[in-house]
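Commentary on secondary and tertiary structure
Residue-level listing of the chains:
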Amino acid sequence: MPSKAKEITLEKITYKNYVKVLWGLTVARDQKNFVASNVGSLAEAYVAITNGGVALPFAICRDKKPIGFLMIGYGLSDDDDLEEEDPAFVEMAKKSYCVWRFMIDKRYQRRGYGRIAMQLALDYIRTFPCGKAETCWLSYEPENVVAKKLYLSFGFVEQPQFYKGGEGEEMPAILKL
């Protein structure tokens, strides 16, 4: 039997898998506030791409069947609304990769697939498909202790100086590549 790592792959979003990615993957009810919808994420990817940005969406697959969704970004688009962001954060984000979205369907959680998928994502990022970068960043709801534990275990370091607090605000974390 193949190892779990060989079962999990990152696949391009295609006509064969997009319906399952968009509408067939969900998180548990108590996680809904932590994760953007896959439909909204792909729409956001489209807007980023058509405005000079980079968005790389992937299906996280187990034996070619979608079990999750991942989206990687690079730099910032010309259209990003960053007026209220800390200038130091904006400067870092201009030259970085971002794990923009990451979710595993509720039926496949707690099996180690998220850890494998995150490792695959970071391995891909370290090939520098869009250009060289020193860092990768992501953000998460501070109440999402499962995500926090996963991200910190990969070496992401929280950046509280960029966290504004308040409802809907996410804690940024940075990983040196």
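To keep things clear, this report deals only with the structure shown in the data block. The model shown is predicted, which means the values in this text are computed figures rather than measured ones.

Looking only at helices and strands, the chain has 6 helices and 7 strands in total. In sequence order, the secondary structure elements of the chain are arranged as α-β-α-α-β-β-α-β-α-β-α-β-β. Projected onto its principal axes, the C-alpha coordinates of the chain cover approximately 50 × 35 × 30 Å. Summarising the internal contacts of the chain: among those between residues at least 6 apart in sequence, 69% fall at separations of at least 24. Counting every atom, the chain has about 10,200 Å² of accessible surface; 53% of that belongs to carbon and sulfur. Separation between the mean location of the 24 positive side-chain charges and that of the 23 negative ones in the chain comes to 13 Å.

Let us now look at the layout of surface pockets. If you add up the space inside the second largest pocket, you get close to 150 Å³. For the second largest pocket, the full set of lining residues is Leu 22, Trp 23, Leu 25, Thr 26, Val 27, Lys 32, Val 35, Ala 36, Ser 37, Asn 38 and Met 103. Considered class by class, the residues forming the lining of the second largest pocket number 7 nonpolar, 3 polar and 1 charged.

In space, the 7 strands of this open sheet follow the order β1-β2-β3-β4-β5-β7-β6, with mixed pairing throughout. Whereas interior strands pair on both sides, the edge strands pair on one side only; in this sheet they are β1 (8–12) and β6 (157–158). The pairing of strand β3 (residues 65–74) with strand β4 (residues 97–104) spans 7 bridges and is antiparallel. Bridge assignment links Leu 70 to a residue of β4, and that residue is Phe 102.

Below, the discussion takes up unusual backbone geometry. Even without being a glycine, Lys 64 presents a positive backbone phi close to 75°. Among the residues examined, Lys 64 registers a relative accessible area of 60% and is labelled exposed. Backbone geometry at Phe 128 places phi at a positive 50°, although glycine is not the residue there. Among the structural elements, Phe 128 can be located in the loop between α5 (113–125) and β5 (135–140).

Analysis parameters
- Residues numbered from 1 in each chain as written.
- Predicted model: local features only at pLDDT ≥ 70, side-chain atom pairs only at ≥ 80, totals over all residues.
- Heavy atoms only, no water.
- Helix = DSSP H or I, 4+ residues; strand = E, 2+ residues; numbered from the N terminus.
- Contact = heavy atoms within 4.5 Å.
- Areas by Shrake-Rupley, 256 points an atom, 1.4 Å probe, with all protein chains shown as cover.
- Lys, Arg positive; Asp, Glu negative; His and termini not counted.
- Charge placed at Lys NZ, Arg CZ, Asp CG, Glu CD.
- 1 Å grid on protein atoms, 1.4 Å probe; cavity = no way out; pocket = protein on both sides within 12 Å on 5 of 7 lines; lining within 4 Å.
- Points joined across faces, edges and corners; volume = space filled by probe spheres on them.
- Nonpolar A, V, L, I, M, F, W, Y, C, P; charged D, E, K, R; others polar.
- Pairing = 2+ DSSP bridges.
- Buried < 20%, exposed > 50% of the residue type's maximum accessible area, 1.4 Å probe, protein only.

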